[in-house]
Amino acid sequence: MTQYVIDGGRPLIGTVLTSGSKNALLPILAATILYGGPCEIHRAPHLSDVENLLETLRYLGAKTRFCGDVITVDTSALNRYDIPAEYTGRCRASISFLAPLLLRFGRCSVAYPGGCAIGARPINYHLEALRALGNFRIMENSYGVEVQGTFTGGYYSMPYPSVGATECALMGACFSPMPCKIENGALEPEVEDLAGFLNACGGHIFLENGIWQSEPAPFSAHTDTLRYSVIPDRIEAGTFALAVAATRGEGRILRCNPDHMKGVIRLLAAAGAEVVGSKDSLYVRGRNRKLRGCDLVMAYPYPAFPTDLQAPACAFLATCYGKSAVLDTVFPMRYAHVSELGKMGARVSVARAPGGERYVSIVGGMFRGGRGESTDLRAGASLLIAGLCGKGRSIVLDQGYIARGYEAVCEKFRGLGGRIWENRIY
Ligand code: EPZ
């Protein structure tokens, strides 16, 4: 258990450097299996989810090294195609190994993935993608899934633009003998980054009129080193932008890509913050500005407002005068942070819309500091923002969620003048 201790009530002022994207890096680590040789992945953040996937790659027989922000992975000597629950249970992205193992071995056995408790996390769309793009025998049991067969190419119209299932389909399409078309796929920047990596591995994947497509490409192992740099983490950058505005500070988020952050930029501007994007940084000012709530913020698939910033946005809106409502259409149950924000002084509750959808009802006010517990990765971030806003001392208890997605979070907030420390309590 980690205890974050925060003496809040001070504006965050200064600059902060964004790390590389966790949600781009995780599927790319699995995709190194499709390169079959040495890969150097740059701008890699030190996160527990990343360590978990590196451990899984080593279990499968890969060689890995993590030095500075560069991960080196060599999957030429892969010698296993099964991944037990002790590995997959820690991280949702473990499901990303499905397609690469099938391409390399023609079979795999992967236990069901874990991940944040933010709602149902089924893998039915992943399995539908395999059926649509190949000839596979798929056996599910209480433990996980066993698959045998080969990718053939084909057409898959996704029932929902699932990020993970799109990534599974792209990795399966990459070296299929026939062309592939994946309609209604996810368009998140992290999916595009994976496609870029797969093309660097020798694939021919492209997006045309919103439809992912691939041309046949031969798989072959490599001996030359593939070097690739992941995109900036738009969710981390958005979290810091919301924190600066929530504390009525002024700051510049460096090494980010504002083009990937339009949803959160729109929210901050609508609330009355000053927000100015440049090529690779974002300036945010809440200082001396009377920020107002937003009638309705809805989380949808990209390029709309992202579900991963829904909880941090609730913390921000709890400091803006007037009423706000936040509805998550991606994970409709992702509201466990609401009661915890309430323990820190926010006037928030989960309400029901006339259509029955649950949403967060917020009345702007002041955080007073208090004690909350992280219920998932982004909920933890929202509690850190609440503690930084609230006058006095706050304690945030966390079972390792925050470290899964935010690299050096205390150092980064301290760099902005935040007074925040972390203790391992047991
Ligand atoms: C990815 O999860 C991200 N994780 C999540 O970030 C993010 O919240 C999510 O995409 C949405 O953007 C990683 O990239 C490692 P989905 P993923 O498949 O792929 C339903 C974070 O905080 N669904 O797009 O699991 C599902 O239940 C994490 O960094 C099915 O029904 O998300 C959900 O309601 C949290 N069947 C919706 O689709 C399936 O087979 C979106 O899920 C797959 C998904």
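Values in this document were obtained by computation on a predicted structure and should not be read as measured data.

> Which parts of the structure should I look at to understand the sheet that holds strand β1 (residues 2-8)?
Strand pairing in a sheet relies on backbone hydrogen bonds, with the paired strands running either antiparallel or parallel. Read across the sheet, four strands follow the order β22-β23-β1-β24 without closing on themselves; strand pairing throughout is mixed. In this open sheet, the two strands that pair with only one neighbour each are β22 (371-373) and β24 (420-424). Neighbour to neighbour, the strand axes of the sheet diverge by 20 degrees on average, direction disregarded. Here three bridges tie β22 to strand β23 (residues 392-398), and the two strands are oriented parallel to one another. Residue pairing for β23: Arg 371 is matched across the bridge by Ile 395. Those strands touched by helix α12 (residues 377-389) are β1, β22, β23 and β24, and its axis lies near 30 degrees from that of β1.

> Whenever I open this one, the pattern of salt bridges confuses me. Can you help?
Side-chain pairing between opposite charges can occur once the charged atoms of the two side chains come close. Counted by the stated rule, this structure contains 13 salt bridges. Note that Glu 340 and Lys 343 form a salt bridge whose closest N and O atoms lie 2.9 Å from each other. Taken as a pair, Glu 340 and Lys 343 lie in helix α11 (residues 337-343) at a separation of three residues, close to a single helical turn. If you follow the salt bridges from partner to partner, you end up with Lys 22, Asp 49 and Arg 404 in one network.

> Mind showing me how you'd approach the sheet that holds strand β9 (residues 144-151) here?
Strands sit in the order β6-β7-β9-β8 across an open sheet of four strands; the sheet is mixed. Each edge of the open sheet carries a strand with a single partner, namely β6 (82-83) and β8 (134-140). One ladder, built from seven bridges, connects β8 with β9; its direction is antiparallel. The residue of β9 that forms the bridge with Gly 134 is Phe 151. Helix-sheet contacts for helix α4 (residues 98-105) involve β6, β7 (107-111), β8 and β9, and the interaxial angle to β7 is about 155 degrees.

> When you look at helix α8 (residues 234-246) in this model, what are you seeing that I'm missing?
Each full turn of the α-helix corresponds to 3.6 residues, which orients residues three or four apart in the same direction. Look at α8: 18 Å from first C-alpha to last across 13 residues, which is about the 18 Å you get at 1.5 Å a residue. Counted residue by residue, α8 has 13 buried out of 13 residues, so it is predominantly covered. Two to three positions downstream of the cap, the backbone nitrogen of Ile 235 sits 2.9 Å from a side-chain oxygen, assigning the N-cap of α8 to Asp 233. In the segment just after α8, Arg 248 is the residue with positive phi, at about 60 degrees.

> It is not clear to me how the packing of helix α1 (residues 22-31) against helix α7 (residues 189-200) should be interpreted in this structure. Could you clarify?
When two helices pack together, you describe them by how their axes are tilted relative to each other and by the distance separating the axes. Between α1 and α7, whose axes approach to 8 Å, the crossing angle comes to 30 degrees. Classified by the angle between their axes, α1 and α7 sit roughly parallel to one another. The hand of the α1/α7 crossing is right-handed. Taking contact as the criterion, the partners of Asn 23, Ala 24, Pro 27, Ile 28 and Ala 31 in α1 are, on α7, Glu 190, Asp 193, Leu 194, Phe 197 and Leu 198. Classifying every residue of the contact of α1 with α7 gives seven nonpolar, one polar and two charged.

> Sorry, what's going on with the site of the ligand here?
Close contacts around the ligand come from 22 residues, with Asn 124, Tyr 125, Ser 162, Asp 308 and Val 330 the closest. Within the backbone of Val 163, an N or O atom sits 2.8 Å from an oxygen atom of the ligand. At a separation of 2.8 Å, an oxygen atom of the ligand approaches a polar backbone atom of Gly 164. Within the residue set of the shell around the ligand, elements represented by two or more residues are α1, α5 (124-133), α6 (163-173) and α12.

> Help me out: how do you make sense of the environment of Gly 286 in this one?
With respect to the helices, strands and loops of the structure, Gly 286 is situated in the loop between β17 (281-285) and β18 (297-299). Expressed as a C-alpha distance, the spacing of Gly 286 and Gln 3, which sit 283 residues apart in the sequence, is 28 Å. Here Gly 286 is in contact with Ala 245, Arg 248, Gly 249 and Leu 291, once residues within four sequence places are set aside.

> Quick question: what am I supposed to make of the nonpolar core here?
Note on soluble globular proteins: their nonpolar side chains tend to be buried together. Counting residues in hydrophobic clusters, the biggest one holds 74 residues, and the most contacted among them are Ile 71 and Leu 130. If you tally residues by element for this core, the top one is α1, at seven residues. In this structure, Leu 130 is in contact with Leu 98, Leu 102, Phe 136, Ile 138, Val 147, Phe 151 and Cys 168, ignoring residues within four places of it in sequence. Within the second largest apolar cluster, 67 residues are counted, among which are Phe 305, Ala 315, Ala 386 and Leu 416.

> Quick question: what am I supposed to make of the pairing of strand β10 (residues 154-157) here?
The two faces of a sheet get side chains in turn, since along a regular strand they alternate between them. The pairing of β10 with strand β11 (residues 180-183) spans four bridges and is parallel. Across the sheet, the residue bridging to Tyr 155 is Lys 181, located in β11. Note that the unit made of β10, α6 and β11 has a crossover that is right-handed.

> Just checking my understanding: could you explain the environment of Glu 357 for this structure?
By the element assignment, Glu 357 lies in the loop between β20 (347-352) and β21 (358-363). Overall, the relative accessible area of 40% leaves Glu 357 in the partly exposed class. On a C-alpha basis, the gap between Glu 357 and Met 298 in space is 12 Å, while along the polypeptide they are 59 residues apart. Look past the residues within four positions of Glu 357 in its chain and what remains in contact with it is Leu 327, Ala 351 and Arg 352.

> Which parts of the structure should I look at to understand the pairing of β23?
When you tally the buried positions in β23, you get five out of seven residues, the bulk of the element. In this structure, β1 lies alongside β23, joined through seven bridges in antiparallel fashion. Within the sheet, the bridge partner assigned to Thr 2 lies in β23 and is Asp 398. Taken together, β22, α12 and β23 form a β-α-β motif whose crossover is right-handed.

> Would you explain the side chain of Ser 374 in this entry?
Along the chain, Ser 374 turns up in the loop between β22 and α12. Separated by 2.9 Å, the side chains of Ser 374 and Asp 398 make a polar contact. In this structure, Ser 374 is in contact with Gly 380, Leu 383, Val 396, Leu 397, Asp 398, Tyr 401 and Ile 402, ignoring residues within four places of it in sequence.

Conventions adopted
- Within every chain, residues take consecutive numbers counted from 1 along the sequence as written.
- Residues qualify for local features only when their pLDDT is at least 70, as the model is predicted, and side-chain atom pairs are given and counted only at 80 or more; totals for whole chains, interfaces and linings, by contrast, use all residues.
- Calculated side-chain values reflect all of the structure's heavy atoms, with hydrogen atoms and water omitted.
- Paired strands, in this sense, are two strands between which DSSP finds at least two bridges.
- Helix numbers and strand numbers start at the N terminus; a helix is a DSSP run of H or I with at least 4 residues, a strand a run of E with at least 2.
- To get an axis, a line is fitted to the C-alpha atoms, and for a helix only the part in contact is used. The angle between two axes follows their N-to-C directions and goes from 0 to 180 degrees.
- Throughout, a contact is declared for two residues whenever any of their heavy atoms are within 4.5 Å.
- Only one rule defines a salt bridge in this text: a Lys or Arg side-chain nitrogen within 4 Å of an Asp or Glu carboxyl oxygen.
- The span you would expect from a helix comes to 1.5 Å times its residue count less one.
- Here's how the labels work: a residue is buried when its accessible area is under 20% of the maximum for its type, exposed when over 50%, partly exposed in between, all with a 1.4 Å probe on protein chains only.
- In protein, a polar contact means a hydrogen-donor-capable atom and an acceptor-capable atom, both N or O and within 3.5 Å, with residues adjacent in sequence counting only if both atoms are side-chain atoms; elsewhere, any N or O pair within 3.5 Å suffices.
- Throughout this description, any angle smaller than 35 degrees is read as roughly parallel, any larger than 145 degrees as roughly antiparallel, any in the 65 to 115 degree range as roughly perpendicular, and the remainder as oblique.
- Here is the rule for handedness: rotate from the far helix to the near one, and if that takes an anticlockwise turn smaller than a right angle the crossing is left-handed, while a clockwise turn gives right-handed.
- Each residue is assigned to one class: nonpolar for Ala, Val, Leu, Ile, Met, Phe, Trp, Tyr, Cys and Pro, charged for Asp, Glu, Lys and Arg, and polar for all the others, Gly among them.
- We call a residue near a given molecule or strand whenever any one of its heavy atoms falls within 4 Å of it.
- Joining through side-chain atoms within 4.5 Å is the link that ties buried Ala, Val, Leu, Ile, Met, Phe, Trp, Tyr and Cys residues into a set, and such a set is a nonpolar core.
- The crossover handedness rule: strands pointing away from the viewer, path from first strand over the helix to second strand clockwise, crossover right-handed.

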